[in-house]
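# Breakdown of the fold
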Amino acid sequence: MMDSLLHILCYLSLCSGVLCLHQMTWLPCQFTDEKVFLNEDGHTETQLKHREVMLQFGQKGDDAVNPPAVTFLVTGSKLDLRDYVEGVEAELLDCELRRYSTEGIHVHWPAQEAKEYNRWFSCTLKHSKGLFTVTSFLRHPSDQPPPGQQDYRNWPVIEEGEILTTMVALVMKTQSPSVKAALSSQQKLHCQFALDHRRPDVTVEWNWQHRGERSTLFSHPPRLGHNQGTGVELKSLAKGDATYNLPFTKMSSEGRYICSVSVNPLFTSLDINLFVEESPRVTVNVGPILQLKEGEEQRVFCDAENYFPLDVDIVWYEIDPAAAGQRVGAPLPRVLPNILLTSHKHNQDKTFSLSAFFYLQGSRRNSGRQFTCSVSHQSLRMPIKKSFILHVEEPSSWFSDHNIGVFMLVLVLLLCGMLLFLHSARRQSVQKKPY
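Everything in this summary refers to the structure shown in the same document. Being a predicted model, the structure only gives us computed values, none of them experimental. (Residues numbered from 1 in each chain as written. Predicted model: local features only at pLDDT ≥ 70, side-chain atom pairs only at ≥ 80, totals over all residues. Heavy atoms only, no water.)

## Observations concerning the overall build of the protein chain
Tallying secondary structure elements over the protein chain gives four helices and 26 strands in all. By residue count, 41% of the 435 residues in the protein chain fall in the buried class. When the accessible surface of the protein chain is totalled, it reaches about 26500 Å², and 54% of it is carbon and sulfur. (Helix = DSSP H or I, 4+ residues; strand = E, 2+ residues; numbered from the N terminus. Buried < 20%, exposed > 50% of the residue type's maximum accessible area, 1.4 Å probe, protein only. Areas by Shrake-Rupley, 256 points an atom, 1.4 Å probe, with all protein chains shown as cover.)

## Some thoughts on the pairing of strand β15 (residues 255–263)
The buried fraction of β15 amounts to seven of the nine residues, a majority that puts the element mostly inside the structure. Alignment of strand β11 (residues 203–210) against β15, held across seven bridges, turns out to be antiparallel. Within β15, the position partnered with Asn-207 by the bridge is Ile-258. Between the antiparallel neighbours β15 and strand β16 (residues 266–276) lie two residues. (Pairing = 2+ DSSP bridges.)

## What to know about unusual backbone geometry
The peptide bond linking Asn-264 to Pro-265 adopts the cis configuration, its omega dihedral lying at 10°. Within the element layout of this structure, Pro-265 appears in the loop between β15 and β16. The omega angle of the peptide bond from Phe-308 to Pro-309 is 0°, so this bond is cis rather than trans. Along the chain, the position of Pro-309 falls in the loop between β19 (297–307) and β20 (313–319). Phi is positive for Arg-211, close to 50°, though the residue is something other than glycine.

## Here we look at the sheet that holds strand β12 (residues 213–220)
The strand order across the open sheet formed by six strands is β8-β16-β15-β11-β12-β13, and the pairing between neighbours is mixed. Edge positions in the sheet fall to β8 (178–181) and β13 (228–229), since each has one partner strand and no second. Where β12 meets β13, two bridges bridge the pair, whose relative direction is antiparallel. Looking at the pairing, Phe-218 lines up with Gly-229 of β13.

## Things to note about the sheet that holds strand β25 (residues 370–376)
Spatial strand order, β18-β26-β25-β20-β21: five strands in an open sheet with mixed pairing. Each of the sheet's edge strands pairs with one partner strand only, and the pair in question is β18 (289–293) and β21 (334–335).

## A few points about the side chain of Ser-101
Here Ser-101 shows up in the loop between β4 (93–100) and β5 (117–127). There is a polar contact of 3.1 Å between the side chain of Ser-101 and the backbone nitrogen of Glu-103. The residues touching Ser-101, leaving out its near neighbours within four places in the chain, are Asp-151, Tyr-152 and Trp-155. (Polar contact = N/O pair within 3.5 Å; in protein donor to acceptor, adjacent residues only side chain to side chain. Contact = heavy atoms within 4.5 Å.)

## Overview of the nonpolar core
One finds Phe-193, Trp-206, Ala-242 and Tyr-257 to be the most contacted residues of the largest nonpolar core, which totals 32 residues. If you look at the next biggest cluster of nonpolar residues, it comprises 30 residues, including Phe-31, Leu-81, Ile-158 and Val-171. (Core = buried A, V, L, I, M, F, W, Y, C linked by side-chain atoms within 4.5 Å.)

## Considerations on the pattern of salt bridges
Taken as a whole, this structure holds nine salt bridges when the rule is applied. Of the charged contacts in the structure, one is a salt bridge between Arg-82 and Asp-80, with a shortest N-O distance of 3.1 Å. Given the relative accessible area of 19%, Arg-82 is considered buried. Using a relative accessible area of 23% as the deciding quantity, one classes Asp-80 as partly exposed. One connected set of salt bridges, linked through shared partners, spans Asp-33, Arg-51, Arg-99 and Glu-160. (Salt bridge = Lys/Arg side-chain N within 4 Å of Asp/Glu carboxyl O.)

This is the structure:
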């Protein structure tokens, strides 16, 4: 009874692609099959056929999980492909299989069995959210020799329901398929590889490519006995870590970085796209509180400086802080019309700057309102906002100023009259004193 229950539980977990111990047992894959032929004009054409297949992990002789489908049965070797996607749900993995042409090159693979020849397939696993990419070579032993340099024209047909027993021969992985870097930052472009045996003649290269330009950053050709370029630690490279260190990110650092590994007859590479993003510095030309007199006009600037890439969005809006505090029926911020933009300024470091300004006229009805500049850019998770509050002073009238002047003049005259009176009274008292 317990055995039957355990069998049912394991079967149900198999249907979800995960064993009872949370170990992946199979993955649905897209197999891009190729049929190469000469057309009527004598030109080579390639016909692609996309087939749904199963990538199944197990032992030689295991039955297929899905018998009607083509099954790539990955059996034990020193490399377990599942170690490179450990902890990731099967639903988050995109799997693609392709045939691999050795262009007629035949090399006895050290880890292979008694059968002398091999057929090769490439397998790529990508995280659906772009967290990593894993590419590998699956070796399928065969008793048939390669058909020659143009072996892709004579690939054997793979029938539906066929089981191809394979072993993992080479694996590459990057945990940074896409990198967003700020200027002057240090970046580590991750790349690791592993073989199913020890082999000294492994060539590792890093290349950079952008807008038609291409250059070699690092090369480790073991036969030459010395390395070209820098950026990869040799001690780490001996352990399969080919991570490239970019010490100082510049605008010219943007582009595609290609980590490649070749060991005869195999060659594979991984692309890492580096994007430079610099967040804008946002300032306004007034303080937190702007004092204006009734009718006075002020030009208000919002500056977004030193950002990259080009596109930036600057919006000015206003809101009544008292009304914004209402729980119900609070008005939405009002976007200000007639905002003027300066032309983009191209800075020496190849970043950009832009200003958005408007003319604000002091009015009693606007006193107390909050004005906010909001800057959005792809380097920002949230817009940067800078605000100020307008205070408008009531102007003094001419009539009131005149009255105050008259009043002050009267006070002065009265004071002078009193002083004269006191002075005259004092003189009279002095004159009346007897001698």
